[in-house]
Amino acid sequence: MLKLLNEQIALEDYSANLYLAMSSWCRHQKLSGSANFLECHSDDEHAHMRKLFTYVNETGAMARMSALAEPPCEFDSIKDVFEKTLQHEKLVTSKINALVEACLEEKDYSTFNFLQWYVAEQHEEEHLFRSILDLIDIVGLDGRGLYMVDKEIGKMSQKVA
Ligand code: OFO
């Protein structure tokens, strides 16, 4: 259980770095709405990491920080960025589900209860990134489309923070 929880700490930490790297790419493409949104989302991921970190230490076990892989920093388009965020969130969901299954096998009901927050959070996050991809598909990226899409994504930053 402890090994899996520490792996999840590393994954949330990596998520924070990944979204910060994506925000940097967006900033350099002059997509300030998306850059702000991804910066806020990176802060959220850092908070997810800290929540796990605190929980593990509260149980009397030791939370550990790990070396992280370098996240990608080049993307083909704004659509590519958000396709990759959704792909990443699906990976996170699968890891949370594996943790929940391990809790049930180990009869670790306290951690099972703690992880319910992450189960609900993953539902919201997948929905959020799907809705951004829907926005991109509906508005399109031609002409003023990119400007409109970026502006709308920027408005979502407040909801995320
Ligand atoms: Fe975006 O995922 Fe954390 O939990």
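Structural data are supplied above this passage.
Residues numbered from 1 in each chain as written. Predicted model: local features only at pLDDT ≥ 70, side-chain atom pairs only at ≥ 80, totals over all residues. Heavy atoms only, no water.

A.B. asks: In this structure, what is going on with the pattern of salt bridges? I would like to understand it.
C.D. replies: For side chains bearing opposite charge, pairing can occur when the charged atoms are close. With the rule as written, the count across this model stands at 6 salt bridges. Here Glu 39 makes a salt bridge to Arg 27, at a shortest N to O gap of 2.9 Å. Placement of Glu 39 in helix α2 (residues 32-58) and of Arg 27 in helix α1 (residues 2-28) is noted, with a sequence separation of 12 residues between them. When its relative accessible area of 32% is taken as the criterion, Glu 39 is described as partly exposed. The exposure class of Arg 27 is partly exposed, given its relative accessible area of 35%. Salt-bridge contacts for Lys 79 lead to Asp 137; the nearest nitrogen and oxygen are separated by 3.1 Å. Of this pair, Lys 79 sits in helix α3 (residues 78-106) while Asp 137 is found in helix α4 (residues 109-139), placing the two residues 58 residues apart along the sequence. (Salt bridge = Lys/Arg side-chain N within 4 Å of Asp/Glu carboxyl O. Helix = DSSP H or I, 4+ residues; strand = E, 2+ residues; numbered from the N terminus. Buried < 20%, exposed > 50% of the residue type's maximum accessible area, 1.4 Å probe, protein only.)

A.B. asks: Teacher, can you tell me more about the packing of α2 against α3 here?
C.D. replies: What describes two packed helices is the angle between their axes and the distance between those same axes. Interhelical geometry of α2 versus α3 gives an angle of 15° and a closest axis separation of 13 Å. In terms of orientation, α2 and α3 fall into the roughly parallel class. As for the relative orientation of α2 and α3, their crossing is left-handed in sense. In contact with Ser 34, Phe 37, Leu 38, His 41 and Glu 45 of α2, α3 contributes Ile 78, Val 81, Phe 82, Thr 85 and Glu 89. Grouping the constituent residues of the contact of α2 with α3 by class yields 5 nonpolar, 3 polar and 2 charged. (Axes fitted to C-alpha atoms, helices over the stretch in contact; angles between N-to-C directions. Parallel < 35°, antiparallel > 145°, perpendicular 65-115°, else oblique. Left-handed = near helix turned anticlockwise from the far one by under 90°. Contact = heavy atoms within 4.5 Å. Nonpolar A, V, L, I, M, F, W, Y, C, P; charged D, E, K, R; others polar.)

A.B. asks: Quick question: what am I supposed to make of the environment of Tyr 19 here?
C.D. replies: Looking at the secondary structure, you find Tyr 19 in helix α1. Between the C-alpha atoms of Tyr 19 and Val 81, which are 62 residues apart in sequence, the distance is 9.3 Å. If we ignore the near neighbours within four places in the chain, the residues touching Tyr 19 are Leu 38, His 41, Ser 42, Glu 45, Thr 85, His 88, Glu 89 and Phe 129.

A.B. asks: How should I be thinking about α4 in this particular structure?
C.D. replies: Since there are 3.6 residues in each turn of an α-helix, residues three or four apart along the chain are aligned in direction. If you check α4, its first and last C-alpha atoms are 45 Å apart, about what 31 residues at 1.5 Å a residue would give, namely 45 Å. The largest bend along α4 measures about 30° and falls at Leu 115. (Expected span 1.5 Å × (residues − 1). Bend = angle between axes of the 7 residues up to and from the residue.)

A.B. asks: Just checking my understanding: could you explain the packing of aromatic side chains for this structure?
C.D. replies: Ring pairs (aromatic) are described by centroid distance and by the angle formed between their planes. Enumeration according to the criterion identifies 8 aromatic pairs in this entry. Seen in terms of ring centroids, Phe 37 and Phe 129 are 6.1 Å apart; in terms of plane orientation they differ by 90°. Their pairing is edge-to-face. You can see Phe 37 sitting in helix α2 and its partner Phe 129 sitting in helix α4, a full 92 residues away along the chain. Grouping residues by exposure puts Phe 37 and Phe 129 together as buried. These aromatic residues form a ring-pair network of at least three members: Tyr 19, Phe 37, Phe 82 and Phe 129. One Lys or Arg, Lys 51, reaches over the ring of Trp 117 and ends 4.4 Å from the middle of that ring. (Phe/Tyr/Trp six-rings, centres within 6.5 Å; stacked < 30°, edge-to-face > 60°. Lys NZ or Arg CZ within 6 Å of the ring centre and 35° of its normal.)

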